[in-house]
Every structure is written in C-alpha cells, then in structure tokens.
Amino acid sequence: MDEIKFTMDGLLVKALKGETILQAAIRNGIYIPHLCYHPDLKPMGACRLCLVENEDGRLVTSCETLVQEGMEISTTSKRVESSREMVARLLIANHEVECLTCAQNNQCQLQEVASFFGIEDENITDLRHSLLEVPADESNPFFKRDLKKCVLCGICVRTCRDRLGVSAIDFGFRGYETRITTLMDRPILESNCVSCGECVVACPVGALVPKENHKPSREAKTTCTYCGVGCGLYLGVRGGKIISARGDPEHPLSHGNLCVKGRYGFNFINHPERLTKPLIKKDEQFLEVEWDEAMEFAARKLSEYKEDSFAAISSARCTNEDNYLMQKFTRLVMGTNNVDNSARSCHAPSVAALAETLGSGAMSNSIDEIPHAKCLFLIGTNPTDSYPVLSMRIMDAVRNRAKIIVADPRDIDMARHADVTIQHNPGTDVPLIMGMIRVIVDEELVDKEFIRERCENFDELLDSLERFDLETVEEITGVSPDKISEAARLYATTEPAAIFYSLGITEHSHGTDNVFALSNLALLTGNFGKPYAGVNPIRGQNNVQGSCDMGCLPDSYPGYQKVTNLDVRKKFENAWKSELSSKIGLKMPEMMEKARTGEVKAMYIMGENPALSEPDCSNIVRALESTDFLIVQDLFMTETALKADLILPGASFAEKDGTFANADRRVQRVRQAIKPVGSSKPDWQIIAEIARKMGSYGFDYECSEDVAAEIASLAPIYGGMYYSCLEEDSKQWPCYHEEHEGTPILHREQFATENGKAKFIPLSYRPPAELPDEEYPMVLTTGRRVFHYHTSTMTGATEGLKKLYDDDPVEINPEDAEKIGLTDGDSVWVISRRGKIKSPVEITERSPVGLVFMAFHSPETKTNLITSPACDPVTKTPEFKYCAVRIEKWTE
C-alpha cells in the first residue's frame with residue numbers, strides 16, 4: 001500500500017494512501033478528540049471535535065479529510081483549541097452528568113474529552129443547560145436507552161442502517177428537540193430492532209448501556225456455539241459462572257460483531273434446569289444416579305444390541321472431538337455404520353451434490369471475501385434472520401457497491417438492498433436456475449475456455465435445456481422472462497460472481513437437484529477456483545460442518561473417506577485394531593423407520609432433539625418410544641430426553657476444550673471457560689468411558705487434544721489441525737500437515753474428482769411431493785427467526801430472548817387473511833394432512849398470496865407436527881420448505 005508523508009504539529013508523520021487525518025493520527029498514537037468517528041463507519045463530521053487547521057488556515061474535520069503528500073496540519077493551534085473546547089463545553093452542559101453511577105464510567109469518550117480539555121463543573125456554569133426531558137427507554141430486555149446522555153454522534157444510527165441494514169432508529173425532531181428516535185417515537189421494543197447490541201457496543205457515551213453490566217474477573221477466548229458463521233467471542237467469567245459475552249475484534253470473519261444470540265444468549269450455561277447428574281428411568285420416573293451406575297447400566301444394555309440393531313445420532317452442536325468419538329464408538333464398539341447427524345435434515349444435499357459435481361461438498365470460498373465481492377447471488381437463504389453476522393458482511397459488500405441478486409419466495413429483508421429481486425413460486429428452484437442457464441447459453445455468456453479445460457458432460461446439460469424455455473419456466477416459477485434474463489445477465493457479466501444458499505435450496509424433495517443446478521450455473525460462467533466466486537452453502541449450526549467432517553455419516557469415515565473403499569477401511573482397521581463393517585449404514589429417517597418396525601432396537605442420541613426438530617414429529621416420537629433402549633445425552637430435559645431410558649448430562653461449549661468447523665471449512669478452537677456444571681462431563685469423555693466399560697480398547701484419552709491428534713492422523717484434510725497449530729489462528733481444510741496454511745479457496749488448479757474435472761448434471765423439473773388441493777389450498781414453508789436457535793433448547797433458557805420472540809406465529813398475506821376473516825394477532829389452526837397446531841397470526845406482505853411461513857423454534861407451537869416427511873430420494877433430507885395446509889380461525 002502506498003505510503004504518504006505529511007507534517008502534523010511540526011512532526012513528520014507517515015500515513016497510508018486513502019487514510020484520513022484522524023486515522024493517521026490514531027495509528028501514530030496522536031490523540032485528536034472525537035465522538036462521532038467509528039472505524040467501521042463512513043465518517044460523518046457531526047461532533048466537530050476533531051477539527052484541525054490546514055496550511056491555508058482553514059478548520060477541517062480530520063475524520064473526513066484525506067491525507068495528502070506534504071500537507072501541513074496543526075492539531076493544537078489557538079483557533080483549533082478554542083473551537084474544540086467550546087464544542088466540548090456545550091456537549092457537556094447538555095449532558096446528564098452522573099459519571100460514578102454510569103455504566104460507561106471510565107470508558108466514556110466524553111469523559112476522555114472533558115479530561116483532555118480539563119473541563120470541570122465550574123467551566124460550564126455560564127452555559128444554558130438544556131437536558132431532554134425524556135424518560136429512559138428500558139423496554140428492551142438487554143439494554144436501556146437514556147437520551148439525556150446522548151451526544152447525537154449518530155454512530156448508533158449508522159451502525160443500524162449501514163452495518164445491519166435494519167434502520168430501526170434515526171434522527172428525529174428538530175433544533176434543541178433533536179434526538180435519536182424510532183418510527184413514531186415508540187419504545188425500542190416496538191420497533192424493528194433486532195437487539196444485536198451492536199449500537200450498545202459502539203455508543204461512545206452512556207446513552208446505550210447493557211442492563212446487566214457486571215465486570216468479569218477474567219475472560220476466555222472461544223468460538224460461538226450458535227450458527228455456522230463461527231464468530232469469535234470472549235466469555236466473561238466471575239464466580240465460576242459466565243456473566244458476559246463480547247465479540248473478538250481480531251476475528252477474521254466477525255471482527256467483533258455478534259448477533260442477539262451470541263451476545264446475550266448464554267444464560268443456558270448456568271441455568272438452574274441444566275442436567276447435572278445421570279438419570280435412569282424406572283417405573284416411568286427418572287431417578288438420579290452416580291456416574292458409575294449409569295456407565296455400568298449403559299454398557300450392560302448396549303452389549304445386548306450390537307451391529308445393525310443399534311443406531312447413533314451425533315450432534316452439530318458438539319465439538320469435532322465429541323463427534324469423532326461418537327462415530328468411532330458406533331463403528332468400533334457397536335460394529336455398525338448406523339451413525340448420522342442433523343446435516344441429514346439440512347445440508348446433506350449440498351454434501352451429496354457438490355461431492356459428485358466438484359469432488360467436495362462444502363463451501364468453495366471464504367466468508368471473509370464477501371465484503372469485497374463483485375456480485376452475490378443469494379438464493380434460498382435469509383441471512384438477516386439465520387446468519388446475522390454474515391448478513392453484516394453482505395451489507396459491507398452493499399456499501400462497497402457489489403451487485404446483489406436475491407431469489408426467495410418471500411419478500412425477505414435482504415431484498416431491499418438487491419439490484420435484482422426474484423420472488424418465485426416455492427419449490428421451483430430448478431426451473432428458475434435452469435432458465436437463467438438457458439439465457440446465459442443462448443446469449444453466449446458462457447466461459448468457453450473454463451468449460452473446455454476444466455469440465456465434462458456439457459453437451460448433456462445443453463440437451464436438458466430444451467425443457468427450460470423461458471415461457472415454460474415462467475409458467476412454473478411465476479417469474480417473467482425479462483426478470484430471469486436480467487438476473488442471468490447480471491450474474492454472468494459481473495466477474496467474479498458468488499452464489500450463497502442455504503436451506504431454502506436443500507430442504508426439498510428435489511434438494512440435491514437444486515444444488516446440482518447451482519453448480520451448473522457457476523461452472524457455466526467459470527466461477528470457481530478464484531476469490532469472490534464459487535458455490536457456498538451457508539451452514540446453520542455451529543458444527544454441522546464438523547460433524548460431517550468427523551465421519552458422522554453412514555457412508556463415510558472422518559474426512560469423507562468412504563466405508564466401501566477397501567484401502568480406507570483397512571487404514572481405520574489398523575488404527576483401531578479391529579475389523580470394521582463395509583456395509584453403508586442407515587440415514588436418520590431410515591433409522592426412525594427401522595425403530596418403528598423394531599429392527600433398530602437401541603439408539604444413542606447426543607445433543608439433538610429430533611422429537612421436535614424433525615418433520616411429522618409425532619412419528620419420530622413413536623419411533624423413539626418403540627426402541628428397547630434409548631440413551632440421550634444433552635444439556636436439558638428435552639422432548640427427546642423425556643423418551644429416554646438413560647439420560648447423560650453433557651457439558652456445554654463453555655465447559656470443555658475442542659474445535660468447531662464453521663461454514664467455510666474453518667477449524668477454530670473452543671476453550672474451556674468454567675468447570676462443567678454439577679457432575680456433567682464433556683461428551684467425548686462420556687462416550688470413551690462407556691466404550692471402556694464395554695471392554696473396548698482405543699479410548700484411553702487424557703484430554704481432547706489427544707482426540708484431535710488422532711483425527712489429524714487419520715483424516716488427511718485435517719492433517720494439520722493440531723491444537724498447537726490452531727492456538728494463534730484458525731485454518732481451513734484441507735490442511736494436510738502442520739506447516740500447511742490451509743485452503744481458503746477450493747478448486748484453484750483442479751477439482752477433487754477422480755479425473756480432476758467438474759461435471760455438469762442434466763436436470764428435469766420435479767414438483768414438490770405434496771401439492772395444494774381444495775382441502776389444503778395453501779403452502780406452508782418454514783425457517784428461522786433471528787432471536788432463537790433450532791428448537792430453542794439453549795436460547796429458550798434466556799428470558800430476554802423469549803420476551804423478544806416466544807410463540808411461532810404464522811405469517812400470512814393480507815389478501816389471504818381478509819378471505820379467512822383474520823386480524824393481526826388472531827389465533828388460528830394450521831392444518832396439514834398430518835395434524836393441526838394452534839398459532840397466532842402475523843399479517844404481512846413478506847409472504848405472497850397462497851404462501852404462509854412459520855418458524856420451528858417454539859416447543860409450545862410444535863410446527864414440525866404438521867410438516868411433510870417427504871424426502872429427497874438421494875439424501876433422505878425432508879421437505880421442510882413445502883407442505884400443503886389450510887388455515888382456520890380458532891374460536892373458543
């Protein structure tokens with residue numbers, strides 16, 4: 001980067017090209033007073049405290065003025081000092097001064113300014129005080145707003161608008177009455193605020209402060225336990241409990257940002273309802289027992305159910321080390337490949353389709369590329385609700401003038417920032433994408449050299465395009481040919497272009513085909529093997545990528561090495577000193593079916609709640625009840641745990657060491673902050689202890705680091721993932737040895753297929769498995785809301801999150817609501833072919849006519865009682881995103 005030299009107060013100062021005077025001063029350790037400057041925001045020049053004098057004698061705002069070679073700047077001239085001090089005195093005179101009891105005491109930038117100028121109470125007695133007579137807003141459960149301490153710097157407004165794209169607050173009123181306000185000046189709780197706390201962290205004074213503001217005695221650096229972004233955070237510890245969480249400003253993806261769950265959703269760790277001792281069910285009652293008795297009971301019962309009469313479900317919430325031992329236990333001790341994880345219900349189509357077309361079923365590029373992307377095609381993903389910090393990176397790209405294409409059946413928030421918005425009929429992703437491909441081919445926008453050198457099966461793809469003329473595509477998708485063409489041209493002509501998608505693509509009975517279509521689109525335009533490109537499935541859980549990496553799949557050992565490959569199997573047999581099964585195991589839906597029929601007699605479920613999370617969940621409950629012996633290992637008494645014969649209390653992420661793998665294949669350290677609650681234990685320790693009780697060798701680990709070392713020795717893509725290599729920084733797989741730096745971008749030189757070439761897949765359209773009819777005329781689609789995670793086992797333990805969002809309302813279009821005679825807040829029955837649930841109504845334009853939307857977080861609403869069990873034929877991933885329903889008004 002070019003270096004610039006200039007003079008500041010007679011001293012020669014070095015700056016970087018593009019820096020402002022204030023940025024250069026800060027980097028060189030020179031203090032210039034300021035309040036409205038924030039390093040992550042565009043300068044505003046509102047506070048006027050950062051004034052400096054240039055060589056022409058003009059006063060300029062240093063936060064907005066770029067450094068120029070040879071310029072001369074004074075920060076201490078009489079004019080500068082006089083102007084700044086008057087501004088500071090006015091600010092302090094109009095500021096409520098209760099410093100000792102203020103949560104920002106000793107961290108307040110206005111205090112720092114006052115100290116710099118030596119301003120005392122007697123210095124402002126001649127100025128008229130004009131405090132706003134506005135009561136503090138304490139409606140939000142996590143923070144309070146006190147406008148009497150606000151300095152109108154606008155940092156909160158810009159953070160909410162520019163960094164999050166939410167715009168819950170803005171400047172309002174005029175003159176002395178100017179204040180930061182919400183729409184109609186309502187309490188913040190009644191606004192569209194997402195309660196992420198980013199404005200609270202950014203506020204330079206005490207106008208926005210947390211309600212719980214105890215200082216920790218120490219902090220532990222770790223990785224967030226919620227979505228697949230993998231944000232870095234510091235857990236604050238005091239008195240052996242977690243009392244705070246703050247973002248890690250040095251983290252390569254999150255840069256100190258957190259969502260509402262990551263910042264405030266940690267109460268589950270020390271919650272009084274945590275499971276703290278093993279429980280054995282006797283006469284339909286759970287009795288607390290000691291670990292020795294629980295382990296003996298588990299070992300004795302599991303010894304009765306070897307091989308294919310046993311099945312295990314691993315956890316996307318647990319560490320790599322926990323998951324590795326679960327699959328090792330299943331294969332080595334129980335003699336079966338019947339092990340699966342919750343990826344089966346979400347991104348299994350990504351793993352299957354991308355492995356076939358590209359040779360690797362994971363995100364091809366990196367999240368940290370997003371802010372500088374040229375074009376982002378977002379399809380089947382709602383990042384503002386599901387991955388809020390990734391959404392912030394998309395907003396960074398928007399500010400950097402990236403082109404944005406959004407395709408979703410609903411009018412999601414990100415559509416407001418898109419250059420092209422497509423609202424297609426649900427379940428029509430294949431024809432939509434193939435229609436875009438048809439346009440790109442017809443208009444000769446393909447990357448011919450890339451296709452010739454690096455791909456195969458192109459002619460077969462061309463033949464299949466005959467089925468996708470734009471008139472046919474419009475008839476299926478409801479999207480005009482002009483709109484499809486516009487999106488196709490923007491994607492194909494903006495180089496490079498990246499595709500990001502999630503469960504709106506995969507959770508269909510044709511989910512694998514959907515991913516094939518996206519792979520075709522990216523290959524057609526040569527968008528692989530370079531920055532800001534690729535096909536990027538966004539993972540929804542903290543370690544769903546890692547649980548697959550660890551071999552918690554019925555057909556793969558750790559590192560996606562196939563159980564049917566003789567050489568691979570021999571390697572694991574030699575390492576584990578035992579013969580292993582070559583038979584591909586059962587996928588999770590198959591496990592449940594076999595349990596209902598009595599073929600699977602024993603199950604071990606770690607950290608998952610299928611009784612609430614899986615579709616048609618009444619059938620899942622029947623399957624669990626049909627087993628002879630069920631172990632559930634979890635933090636709380638979940639709906640699944642209630643069906644168990646033995647419940648084992650696992651440790652949370654804050655109570656153990658390990659690693660998570662995030663959505664972009666980044667392996668990150670998880671560090672123990674406190675000792676396990678009660679008698680709970682890390683999951684890997686529990687599994688190892690059961691294995692030893694059953695007489696198996698190879699489970700004598702001293703610590704989780706020993707487990708990680710074994711993983712590195714057996715899974716080539718994790719060959720360099722030793723703890724010693726991850727202490728300072730994370731690495732992205734494949735990482736083949738300790739000196740390897742990892743692989744931020746896949747497929748640079750060749751694809752990971754047998755011949756090194758990517759494969760085009762010809763496709764045809766298959767409609768959803770369950771279509772509307774006269775009895776069930778509407779379509780229900782499901783998804784996440786920002787305030788909760790999965791079945792809210794963890795987030796539901798934080799009362800503030802429940803205050804923000806509790807029941808799962810059914811979102812319905814105003815036109816549909818009028819036909820049924822509904823008003824906002826009415827209760828309705830949502831009825832499918834599998835049953836009915838009661839829910840409040842939220843009338844909104846977000847859902848188009850004929851489509852209703854519900855989240856699946858609430859254990860009271862139980863949305864998945866009515867969702868469809870229809871599955872993708874390749875992966876058995878359920879069709880959560882499409883089922884036929886009718887809505888009836890509830891009457892007492």
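Scroll up to find the structure.
Residues numbered from 1 in each chain as written. Predicted model: local features only at pLDDT ≥ 70, side-chain atom pairs only at ≥ 80, totals over all residues. Heavy atoms only, no water.

## Quick look at the overall build of the chain
Per the secondary structure count, the chain includes 28 helices and 37 strands. At 29 Å, the chain has a C-alpha radius of gyration in line with the 29 Å of a compact globule built from 892 residues. For the chain, the C-alpha atoms occupy an extent of roughly 85 × 70 × 70 Å along the three principal directions. Taking all 892 residues of the chain together, 62% fall into the buried category. Looking at the chain as shown, the accessible area adds up to about 34200 Å², and 47% of this sits on carbon and sulfur atoms. Positive and negative side-chain charges of the chain, numbering 99 and 133 respectively, have mean locations separated by a distance of 2 Å. (Helix = DSSP H or I, 4+ residues; strand = E, 2+ residues; numbered from the N terminus. Rg over C-alpha atoms; globule rule 2.2 N^0.38 Å. Buried < 20%, exposed > 50% of the residue type's maximum accessible area, 1.4 Å probe, protein only. Areas by Shrake-Rupley, 256 points an atom, 1.4 Å probe, with all protein chains shown as cover. Lys, Arg positive; Asp, Glu negative; His and termini not counted. Charge placed at Lys NZ, Arg CZ, Asp CG, Glu CD.)

## Describing the sheet that holds strand 18 (residues 403-407)
Within a sheet, neighbouring strands are paired by backbone hydrogen bonds and run either parallel or antiparallel to one another. Overall, parallel pairing links the five strands, which are arranged 19-18-17-21-22 in an open sheet. Because the sheet does not close on itself, it has two edges, and the strands there are strand 19 (420-422) and strand 22 (535-537). This sheet shows a mean twist of 15 degrees between the axes of neighbouring strands, independent of strand direction. In the sheet, strand 21 (residues 498-501) pairs with strand 22 via three bridges, with the strands oriented parallel. Residue pairing for strand 22: Ile499 is matched across the bridge by Val535. (Pairing = 2+ DSSP bridges. Axes fitted to C-alpha atoms, helices over the stretch in contact; angles between N-to-C directions.)

## A look at a negative patch on the surface
Where like charges cluster on the molecular surface, the negative patch consists of Asp419, Glu471, Glu474, Glu475, Asp482 and Glu486. Counting only elements with at least two residues in the negative patch, the list comes to helix 15 (470-477) and helix 16 (481-493). Counting through the fold element by element, Glu471 comes out in helix 15. A relative accessible area of 54% places Glu471 in the exposed class. (Patch = residues over 30% accessible without salt bridge, like charges linked within 9 Å, V, L, I, M, F, W, Y side chains within 5 Å. Salt bridge = Lys/Arg side-chain N within 4 Å of Asp/Glu carboxyl O.)

## Focus: the environment of Asp419
As for its position among the elements, Asp419 is in the loop between strand 18 and strand 19. A relative accessible area of 40% places Asp419 in the partly exposed class. Separated by 93 residues in sequence, Asp419 and Met326 have C-alpha atoms that sit 46 Å apart. Not counting residues up to four positions away in its chain, the partners in contact with Asp419 are Ala402, Lys403, Ile404, Glu486 and Leu490. Of note is the side chain of Asp419, whose polar atom sits 2.8 Å from the backbone nitrogen of Ile404. (Contact = heavy atoms within 4.5 Å. Polar contact = N/O pair within 3.5 Å; in protein donor to acceptor, adjacent residues only side chain to side chain.)

## Things to note about the packing of helix 8 (residues 320-333) against helix 24 (residues 683-693)
Interhelical geometry of helix 8 versus helix 24 gives an angle of 20 degrees and a closest axis separation of 8 Å. With respect to their mutual orientation, helix 8 and helix 24 come out roughly parallel. When you trace helix 8 past helix 24, the crossing you get is left-handed. Of helix 24, the residues touching helix 8 (which contributes Glu321, Asp322, Leu325, Met326, Phe329 and Val333) are Asp683, Trp684, Ile687, Ala688, Ile690 and Ala691. Residues belonging to the contact of helix 8 with helix 24 are distributed by class as follows: nine nonpolar, no polar and three charged. (Parallel < 35°, antiparallel > 145°, perpendicular 65-115°, else oblique. Left-handed = near helix turned anticlockwise from the far one by under 90°. Nonpolar A, V, L, I, M, F, W, Y, C, P; charged D, E, K, R; others polar.)

## What to know about the nonpolar core
Counting residues in hydrophobic clusters, the biggest one holds 58 residues, and the most contacted among them are Leu302, Phe329, Tyr604, Leu648, Ile690 and Tyr718. The dominant element in this core, judged by the number of residues it contributes, is helix 7 (residues 291-302), at seven residues. Counting 53 residues, the second-largest nonpolar core is a separate cluster that includes Ile422, Leu461, Phe751 and Leu763. (Core = buried A, V, L, I, M, F, W, Y, C linked by side-chain atoms within 4.5 Å.)

## Quick look at the packing of aromatic side chains
Taken as a whole, this structure holds 18 aromatic pairs when the rule is applied. Aromatic pair Phe450 and Phe751: ring centres 6.3 Å apart, planes at 85 degrees, arrangement edge-to-face. Separated by 301 residues along the polypeptide, Phe450 in helix 13 (residues 448-454) and Phe751 in the loop between strand 30 (731-732) and strand 31 (758-759) bring together distant segments of the chain. Taking the relative accessible area as the measure of exposure, Phe450 reaches 10% and is therefore buried. Overall, the relative accessible area of 1% leaves Phe751 in the buried class. (Phe/Tyr/Trp six-rings, centres within 6.5 Å; stacked < 30°, edge-to-face > 60°.)

## Let's talk about the sheet that holds strand 30
The antiparallel open sheet is built from three strands, whose spatial order is 28-29-30. Every interior strand has two partners, whereas the edge strands, strand 28 (658-661) and strand 30, have only one. Pairing geometry for strand 28 and strand 29 (residues 666-670), over four bridges, is antiparallel. Paired with Thr659 across the two strands is Arg669, which belongs to strand 29.

## Here we look at unusual backbone geometry
The omega angle of the peptide bond from Glu495 to Pro496 is -5 degrees, so this bond is cis rather than trans. Looking at the element boundaries, Pro496 is found in the loop between helix 16 and strand 21. A cis geometry characterises the amide bond from Trp733 onward to Pro734, with omega recorded as 0 degrees. Examined against the element boundaries, Pro734 turns out to sit in the loop between strand 30 and strand 31. A positive phi angle, near 65 degrees, is found at Phe173, a position not held by glycine. The exposure class of Phe173 is partly exposed, given its relative accessible area of 46%. Positive phi values are uncommon outside glycine, yet Glu444 reaches one of about 55 degrees. Inspection of the secondary structure puts Glu444 in the loop between helix 12 (429-442) and helix 13.

## Some details on the pairing of strand 3 (residues 51-54)
The two faces of strand 3 match: Leu51 and Glu53 on one face and Val52 and Asn54 on the other face are all buried. The pairing of strand 3 with strand 4 (residues 59-61) spans three bridges and is antiparallel. Note on strand 4: the bridge partner recorded for Val52 is Val60. Taken together, strand 3 and the strand that follows it, strand 4, pair antiparallel across an intervening segment of four residues, in which Gly57 is found at a positive phi of about 85 degrees. Alignment of strand 3 against strand 5 (residues 72-74), held across two bridges, turns out to be antiparallel. By the bridge assignment for strand 5, Glu53 is matched with Ser74.

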